[in-house]
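Examining the three-dimensional arrangement
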Amino acid sequence: MSSDATTAVPAVPTALDGPQQEEREHGLGASVPAADARAKAEGTFPYASDLWAEGLLWAAVLRSPHPHARIVSLDTTAAAELPGVRAVVTHADVPGDPAYGRTVADRPVFASDIVRHHGEAIAAVAADHPDTARLAAAAIAVEYEVLEPVTDPEKAFAAAPLHPDGNLIRHIPLRFGDPDIAGEVIVEGLYRIGRQDPAPVGAEAGLAVPRPDGGVEIYTASTDPHTDRDLAAACFGLAPEQVKVVVTGVPGATSDREDPGFQIPLGLLALRTGCPVKLTATREESFLGHAHRHPTLLRYRHHADAEGRLVKVEAQILLDAGAYADHSAESLAAAVSFACGPYVVPHAFVEGWAVRTNNPPSGHMRGEGALQVCAAYEAQMDKLAVRLGVDPAELRMRNVLATGDLLPTGQTVTCPAPVAELLGAVRDFPLPPLPLDDPEEDWLLPGGPEGAGEPGAVRRGVGYALGMVHMLGAEGADEVSTATVKVQDGVATVICAAVDTGSGFGTLARQIVQETLGIEEVHVASVDTDQPTAGAATHGRHTWVSGGAVERAAKMVRTQLLQPLAHKFGMSTELLQITDGKITSYDGVLSTTVTEAMDGKELWATAQCRPHPTEPLDESGQGDAFVGLAFCAIRAVVDVDIELGSVRVVEMAVAQDVGRILNPAQLAARIEAGVTQGVGAALTENLRTARGVVRHPDFMGYALPTALDAPDIRIVKLVEERDVVAPFGAKPASAVPVVTAPAAVASAVRAATGRPVNRLPIRPQAAVAAG
């Protein structure tokens, strides 16, 4: 589990127990611990906020107190004259591109004329003490003409343009089947999903150090260092090779760990002063600056026949992108493509929009797009079950997707899709016992151990949800990664620019080399942009593309190692095997150790992995846009105080399509973390705003689930049906339980209360029983 994942009550991973583990100590299938686990547990791990350099200066950023305003005047004189202040930079001091963006360069480094969201950067200061830097930032005189903010995404269509590129970022109309067909039973719903924050517990921090050649090095916990380097270099007016990003102190991430807008002011100040400059964001700055999950408005109409089989799904999906585009176009593609869920739907008509507003920025976060629609389509399935008088699990079973079926995008599901098996596993798993009706019985009320409710007002509910996510990027994204494996003196080193944000890639890379070369001691080099690109740490892609690159490089080294022996004994390398550091032939004639075979030589190889190409969705939302899919089924059991509206999640039973178990303990931790984050989205996590102004940007106002909030997480089944096009056959593990868990909790609350529950997170008034 990454350091940014909230703690979950330990699961009982019954599906991980069994002969496949065989008490292995290393290699694929073993529960190899992360190399930095001990340091992080003992508090000795050096995070980005621990960085230091000789002659260090401290940075502070001035941010807008308004969500929408015109900058009438900007005067930095008073700030620059404060003792200890070394530099003040504004939009006028950006030597290169004035704006940046991962997909569209629409976000200014510093606002120049218009402020478009609360907390937007106006200027930055470098000083010899952090207090001086903060005082200087506060001393910058800015005169604003406050403008009316556009905070309702529905009103963004008719509002005056908030940006030169307009308010509409993307529109996707999906057309699949016959628009005139109708079902015998029709249910409708309107759903709202709140603004979940990645809420990194570790401070966002970085250090920029100027170089003698006029360039700069940036040390930070980046999740996509090469993209960050290129964006920063463009803003600095430098060539990419003059900027180096060194990844350091990554505590974990559930989205883009560091927004480039955090790093660019650092580099500008270092270049201006000629000194190292450090910036550690406050908790408020983190909430205001980085991207969040898209708040979403969804309208659905489901058509079914009298037996409950889906006939047609109609939907409208509106994503609130906030002030800038970021990953909104990609998030919308996922939302529209998965709007019907892992169900067979012969006719689908979906309209999706992503629009700019003056709300906080939205962007990439685990399961983006897929989480929002899962909550809506599963609510619709519950409504159909009630209307037809059918058991909710049975209704879902009648409609589940399988390998060979078509998605509404027209793409055939070619990967394993054991959705029926997953649903059956959670449905048939024994339910947790009910609390005893005894006043002496010590059990948790929904309000916690000291809850104000009474046991007589508590109702138990059971709900189901099925979720799906895509693997890797989509719509033609070039998903390439490069890795090098070196072996010398019995020690292997992996060089790959894949950032381990808690996904376990560093551990997986060690396991791959151990498995392929039989070398127990394997080190993974630290990441920087001098290495070839490996891409972003999103969608579990490093397990596939970077793991695949490591495997190919290791196999090339294996061939280099075995070829001389095979030639000497007159056999092919395929007849030799490496096990536990020993090389043996099929007939037992050859038996030696890897160290003896190396004979002091250094062997190395570099390889790339690039999955098969995809294509953008066309004007009707059709196309083979995804490399692969992963699926999950969750059954939630909740206790609800129907008088107070408080909810306690008792148990989450999880069945997941994992392809292949590469590290049992790590896989269980990833699933537990994902489920717990999903529980947060369902019940507590919502970054609230008032007319665009973020309210309570701290952990008092933004409620993360704690160990007391985390339910028992029962991993009841892990389906190991390998995806033949994926290296090792494995699938990403953490995103799909995040997507599925909120919908399952909402389904259980509906079952307990009889209320529709059409908003996440669930408000207390929505959990008070009907009637």
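Keep in mind it's a predicted model, so treat the numbers as computed, not measured. (Residues numbered from 1 in each chain as written. Predicted model: local features only at pLDDT ≥ 70, side-chain atom pairs only at ≥ 80, totals over all residues. Heavy atoms only, no water.)

**Section: the packing of aromatic side chains**
Rules: Two rings from Phe, Tyr or Trp (for Trp, the six-membered ring) form a pair when their centres are within 6.5 Å of each other. A pair whose planes differ by under 30 degrees is stacked, one over 60 is edge-to-face, and the rest are tilted. Burial here depends on accessible area, computed with a 1.4 Å probe over protein chains only, as a share of the maximum for the residue type. Under 20% is buried, over 50% is exposed, and the range in between is partly exposed. Secondary structure elements are taken from DSSP: a helix is a run of H or I of four residues or more, a strand is a run of E of two residues or more, and numbering for both begins at the N terminus. Only Lys NZ and Arg CZ are tested; either one counts as a charge over a ring when it is within 6 Å of the ring centre and within 35 degrees of the ring normal.
The tally for this structure, following the rule as stated, stands at seven aromatic pairs. With a centroid separation of 4.9 Å and an interplanar angle of 65°, the aromatic rings of Phe-45 and Tyr-47 are classed as edge-to-face. When its relative accessible area of 16% is taken as the criterion, Phe-45 is described as buried. Look at Tyr-47 and you get partly exposed, because its relative accessible area is 25%. Here the aromatic rings of Phe-338 and Phe-626 are separated by 5.0 Å at their centres, their planes lie at 35°, and the arrangement is tilted. Here Phe-626 lies in strand β26 (residues 626-641) and Phe-338 lies in the loop between α7 (328-337) and β17 (347-355), a separation of 288 residues in the sequence. With respect to class, Phe-338 is no different from Phe-626; both count as buried. Three or more aromatic residues link up through ring pairs in this structure, and these residues are Phe-287, Phe-699 and Tyr-702. The aromatic ring of Phe-45 is capped on one face by Lys-40, whose charged end is 4.8 Å from the ring centroid.

**Quick notes on unusual backbone geometry**
Following Leu-760, the chain continues to Pro-761 via a peptide bond in cis, the omega torsion being -5°. Along the polypeptide, Pro-761 turns up in the segment after β31 (759-760). Positioned with a positive phi, Asp-326 is a non-glycine residue whose angle comes to about 45°. Turning to its location among the elements, Asp-326 is positioned in the loop between β16 (310-320) and α7. Of note in the backbone geometry, Asp-489 takes a positive phi value of approximately 55° without being a glycine. Along the chain, the position of Asp-489 falls in the loop between β19 (481-488) and β20 (491-496).

**Quick word on the pattern of salt bridges**
Definition in use: The salt bridge criterion pairs a side-chain nitrogen of Lys or Arg with a carboxyl oxygen of Asp or Glu, the two atoms within 4 Å.
For the structure shown, the criterion picks out 36 salt bridges. A salt bridge links Glu-145 to Arg-70; the nearest nitrogen and oxygen atoms lie 3.2 Å apart. Residue Glu-145 is found in strand β8 (residues 141-146), and its partner Arg-70 is found in strand β2 (residues 69-75); the two are separated by 75 residues along the sequence. Judged by its relative accessible area of 38%, Glu-145 falls in the partly exposed class. You can call Arg-70 partly exposed: its relative accessible area is 36%. One salt bridge in this structure joins Glu-378 and Arg-396, with 3.0 Å as the shortest N-O distance. Of this pair, Glu-378 sits in helix α8 (residues 370-388) while Arg-396 sits in helix α9 (residues 392-397), and the two are 18 residues apart along the sequence.

**Re the packing of helix α4 (residues 225-236) against helix α5 (residues 260-273)**
The condition that has to hold: Note on geometry: axes are C-alpha line fits, over the in-contact stretch for helices, and angles between N-to-C directions span 0 to 180 degrees. For classification, angles of less than 35 degrees are called roughly parallel, those exceeding 145 degrees roughly antiparallel, those between 65 and 115 degrees roughly perpendicular, and all remaining angles oblique. What makes a crossing left-handed is the near helix being turned counterclockwise from the far one by less than a right angle; a clockwise turn instead makes it right-handed. For this analysis, residues touch if any pair of their heavy atoms sits within 4.5 Å. Residues are grouped as follows: nonpolar covers Ala, Val, Leu, Ile, Met, Phe, Trp, Tyr, Cys and Pro; charged covers Asp, Glu, Lys and Arg; every other residue, Gly included, is treated as polar.
In the contact formed by α4 and α5, the axes pass within 10 Å of each other and the chain directions differ by 45°. Relative to α5, α4 is oriented oblique. Considering the relative orientation of α4 and α5, their crossing is right-handed. Side by side, α4 and α5 meet where Asp-228, Leu-231, Ala-232, Cys-235 and Phe-236 of the first sit next to Pro-260, Gln-263, Ile-264, Gly-267, Leu-268 and Leu-271 of the second. Considered class by class, the residues forming the contact of α4 with α5 number eight nonpolar, two polar and one charged.

**Comments concerning the sheet that holds strand β6 (residues 114-115)**
Note the following rule: In this analysis, strands are considered paired if DSSP registers two or more bridges between them.
Pairing in this open sheet of three strands is antiparallel, and the strands run β6-β2-β8 from one edge to the other. Both outer strands of the open sheet, β6 and β8, are each paired with one neighbouring strand and no more.

**Thoughts on the sheet that holds strand β23 (residues 582-585)**
Here three strands make up an open sheet; going across it, the order is β22-β23-β24 and the pairing antiparallel. Looking at the sheet topology across the chains shown, the edges are occupied by β22 (576-579) and β24 (591-593). In this sheet, adjacent strand axes meet at a mean angle of 25° when their direction is disregarded. Examined bridge by bridge, β23 and β24 share three bridges and lie antiparallel to one another. Note that in β24 the partner of Lys-582 across the bridge is Thr-593. Across the face of the sheet, helix α12 (residues 541-569) comes into contact with β22, β23 and β24 while running at roughly 125° to β22.

**Thoughts on the layout of surface pockets**
Rules: Using a 1 Å grid laid over the protein atoms alone, points where a 1.4 Å probe fits but cannot get out form a cavity; open sets with protein on both sides within 12 Å along at least 5 of 7 lines form a pocket; any residue with an atom within 4 Å of a point counts as lining. Grid points are joined across faces, edges and corners, and a volume is the space filled by probe spheres set on the points.
By volume, the largest pocket is sized at about 1,300 Å³. Lining the largest pocket are 46 residues, with Asn-686, Arg-688, Leu-760, Pro-761 and Arg-763 sitting closest to its centre. Those elements that place two or more of their residues in the lining of the largest pocket are β10 (185-193), β15 (296-304), β27 (647-657), α14 (664-683), β28 (689-690) and β31. For the lining of the largest pocket, the class distribution of residues is 21 nonpolar, 14 polar and 11 charged. Counted as a void, the second largest pocket has a volume near 990 Å³. For the second largest pocket, the lining is made up of 40 residues, of which Ala-34, Ala-35, Asp-36, Lys-40 and Asp-500 are closest to its centre. At the level of elements, α1 (37-42), α11 (505-517), β21 (522-524) and α14 are the ones that each hand at least two residues to the lining of the second largest pocket. Within the lining of the second largest pocket, the residues separate by chemical class into 20 nonpolar, 15 polar and five charged.

**A few points about the nonpolar core**
Note that soluble globular proteins tend to have their nonpolar side chains buried in a common cluster. Stated formally: For this analysis, a nonpolar core means a set of buried residues of the types Ala, Val, Leu, Ile, Met, Phe, Trp, Tyr and Cys, connected via side-chain atoms within 4.5 Å.
Ranked by size, the top nonpolar core spans 106 residues in total, and within it Tyr-300, Met-652 and Val-745 carry the most contacts. The biggest single contributor to this core is helix α15 (residues 735-753), with 12 residues. Beyond its immediate sequence surroundings of up to four residues, Met-652 is in contact with Ile-634, Arg-635, Ala-636, Val-675, Val-679, Pro-711, Asp-712, Ile-713, Arg-714, Ala-741, Ala-744 and Val-745. In this structure, Ala-48, Ala-492, Leu-561 and Ala-566 belong to the second largest nonpolar core, which totals 60 residues.

**Topic: empty space enclosed by the protein**
Summary: where empty space remains is shown by rolling a probe the size of a single water molecule over the atoms. Going through the model one piece at a time under the given rule, you end up with 10 cavities of 30 Å³ or more. If you add up the space inside the largest cavity, you get close to 500 Å³. Along its surface, the largest cavity is lined by 32 residues, and Ser-503, Gly-540, Thr-543, Arg-670 and Ala-733 are the ones closest to its centre. Only α11, α12 and α14 provide two or more residues apiece to the lining of the largest cavity. Partitioned by chemical class, the residues of the lining of the largest cavity number 11 nonpolar, 16 polar and five charged. Residue lining of the second largest cavity: 20 residues in total, with Arg-63, Asp-259, Gly-261, Phe-262 and Gly-289 positioned closest to the centre. Listing elements by their share of the lining of the second largest cavity, those giving two or more residues are β1 (57-63), β5 (107-108), α5 and α6 (283-289). Each residue belonging to the lining of the second largest cavity can be placed in one class, and the counts come to eight nonpolar, five polar and seven charged.

**Here we look at a negative patch on the surface**
Rules: Residues enter patches when their relative accessible area tops 30% and they take part in no salt bridge; the joining distance is 9 Å for like charges and 5 Å for the nonpolar side chains Val, Leu, Ile, Met, Phe, Trp and Tyr. Residue exposure ignores everything except the shown protein chains as possible cover, and the areas themselves are Shrake-Rupley values with a 1.4 Å probe. All tallies of charge rest on Lys and Arg as positive and Asp and Glu as negative; His and the ends of each chain are not included. Taken as the charge location is NZ of Lys, CZ of Arg, CG of Asp or CD of Glu.
Side chains of Glu-25, Glu-520, Glu-521 and Asp-580 sit close together on the surface and give a patch of like negative charge. As for its position among the elements, Glu-520 is in the loop between α11 and β21.

**Here's the deal with the confidence of the model for the protein**
Heads up, the rule is: Values of pLDDT, which run from 0 to 100, indicate the predictor's confidence residue by residue.
Mean pLDDT over the protein: 90, with 94% of residues reaching 70 or higher. Low confidence marks residues 1-22, where pLDDT is under 50. Its contacts with residues over four positions away, or in another chain, come to 69 contacts.

**Here's the deal with the pairing of β27**
Burial analysis of β27 places 11 of its 11 residues in the buried class, which makes it a mostly covered element. In this structure, β26 lies alongside β27, joined through nine bridges in antiparallel fashion. When the sheet's bridge partners are listed, Cys-632 is paired in β27 with Gln-656. What sits between the antiparallel neighbours β26 and β27 is a turn of five residues, in which Gly-645 has the positive phi angle 80°. Here β27 runs beside strand β30 (residues 712-719); their pairing, made up of seven bridges, is parallel. If you follow Ala-655 over to β30, its bridge partner there is Lys-717.

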